[in-house]
Amino acid sequence: IPSAGWIGTGLDSFMLFSCIKQSEIHNSILQAAVEFGWLGGALLVLVIVVTVGSLASVARQDGASRFVLCSLVFSVLMILVYGRISRDAVLFAFLGCAVGLKETARAART
């Protein structure tokens with residue numbers, strides 16, 4: 001991570017720097033910090049924390065928000081163990097779904 005710098009080494013480049021040939025990091029947040037730099041890793045964590053935090057308050061009353069929150073938390077836990085940032089479509093799908101729920105609730109209030 002210290003040699004990655006602010007902008008990183010590029011998508012799926014971790015295998016070039018690994019001690020074990022053709023081995024990934026298996027943690028998407030650490031992989032983002034290496035491949036997209038410290039800035040990319042910090043922004044990924046920030047997006048996840050803000051999204052989970054905003055859904056937590058709405059999930060008490062809305063079943064759809066509760067489902068998306070639970071699914072998002074599950075996918076975050078999975079990327080911490082089995083993650084590979086180029087194959088984490090489920091994480092990004094639930095992050096997008098959370099934004100869609102938030103915007104739908106905002107439009108319904110107006």
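Residues numbered from 1 in each chain as written. Predicted model: local features only at pLDDT ≥ 70, side-chain atom pairs only at ≥ 80, totals over all residues. Heavy atoms only, no water.

1. Considerations on the environment of Ala93
Now for step 1: Relative to the helices and strands, Ala93 is located in helix 5 (residues 89-109).
Now for step 2: What makes Ala93 partly exposed here is its relative accessible area of 47%.
Now for step 3: When the C-alpha positions of Ala93 and Leu72 are compared, they lie 9.0 Å apart, and in sequence the two are 21 residues distant. (Helix = DSSP H or I, 4+ residues; strand = E, 2+ residues; numbered from the N terminus. Buried < 20%, exposed > 50% of the residue type's maximum accessible area, 1.4 Å probe, protein only.)

2. Observations regarding the packing of helix 3 (residues 37-58) against helix 4 (residues 63-82)
Now for step 1: Two elements in contact, helix 3 and helix 4, have axes separated by 9 Å at closest approach and are oriented at 150°. Comparing their axes, helix 4 and helix 3 come out roughly antiparallel. Considering how the two elements wind past one another, helix 3 and helix 4 form a crossing that is left-handed. Residue-level inspection shows Ile48, Thr51, Val52, Leu55, Ala56 and Val58 of helix 3 in contact with helix 4, the latter providing Ser65, Val68, Leu69, Leu72, Val76 and Ile79. (Axes fitted to C-alpha atoms, helices over the stretch in contact; angles between N-to-C directions. Parallel < 35°, antiparallel > 145°, perpendicular 65-115°, else oblique. Left-handed = near helix turned anticlockwise from the far one by under 90°. Contact = heavy atoms within 4.5 Å.)

3. Comments concerning the packing of helix 2 (residues 28-35) against helix 3
Relative placement of two packed helices is described by the angle separating their axes and the distance separating the axes.
Now for step 1: Remark: helix 2 packs on helix 3, axes separated minimally by 5 Å, with the N-to-C direction vectors making an angle of 150°. Taking contact as the criterion, the partners of Ser28, Ile29, Ala32, Ala33, Val34 and Glu35 in helix 2 are, on helix 3, Gly37, Trp38, Gly40, Gly41, Leu44 and Val45.
Now for step 2: Of the residues belonging to the contact of helix 2 with helix 3, the class tally is seven nonpolar, four polar and one charged. (Nonpolar A, V, L, I, M, F, W, Y, C, P; charged D, E, K, R; others polar.)

4. A word on the environment of Phe94
Now for step 1: For Phe94, the location among the structural elements is in helix 5.
Now for step 2: Sequence separation of Phe94 and Leu69 is 25 residues, and the distance between their C-alpha atoms is 8.3 Å.
Now for step 3: Not counting residues within four places of it along the chain, the set of residues in contact with Phe94 comprises Phe67, Val68, Ser71 and Leu72.

5. Concerning the packing of aromatic side chains
Now for step 1: Scanning the model with the defined rule gives one aromatic pair in all.
Now for step 2: Between Phe67 and Phe94 the ring centres are 6.4 Å apart and the planes differ by 70°, which places this aromatic pair in the edge-to-face class. With a gap of 27 residues between them, Phe67 in helix 4 and Phe94 in helix 5 connect regions that are remote in the sequence. (Phe/Tyr/Trp six-rings, centres within 6.5 Å; stacked < 30°, edge-to-face > 60°.)

6. Comments concerning a nonpolar patch on the surface
Now for step 1: On the surface, a nonpolar cluster with roughly 690 Å² of combined accessible area is contributed by Val73, Phe74, Leu77, Met78, Leu80, Val81 and Tyr82.
Now for step 2: By the element assignment, Val81 lies in helix 4.
Now for step 3: The partly exposed category is assigned to Val81, whose relative accessible area is 48%. (Patch = residues over 30% accessible without salt bridge, like charges linked within 9 Å, V, L, I, M, F, W, Y side chains within 5 Å. Areas by Shrake-Rupley, 256 points an atom, 1.4 Å probe, with all protein chains shown as cover. Salt bridge = Lys/Arg side-chain N within 4 Å of Asp/Glu carboxyl O.)

7. Quick word on helix 5
Now for step 1: The end-to-end C-alpha separation of helix 5 is 30 Å, in line with the 30 Å expected for 21 residues at 1.5 Å each.
Now for step 2: When we look at burial in helix 5, the residues that qualify are Leu91, Leu95 and Ala98. Looking straight down helix 5, one finds that the buried residues subtend no more than 55° of arc, so they occupy a single side. Of the residues in helix 5, the exposed ones pointing more than 90 degrees away from the buried face are Ala89, Val90, Thr104 and Ala108.
Now for step 3: Looking at the buried side of helix 5, the elements it contacts are helix 3 and helix 4. (Expected span 1.5 Å × (residues − 1). Arc of directions from axis to C-beta.)

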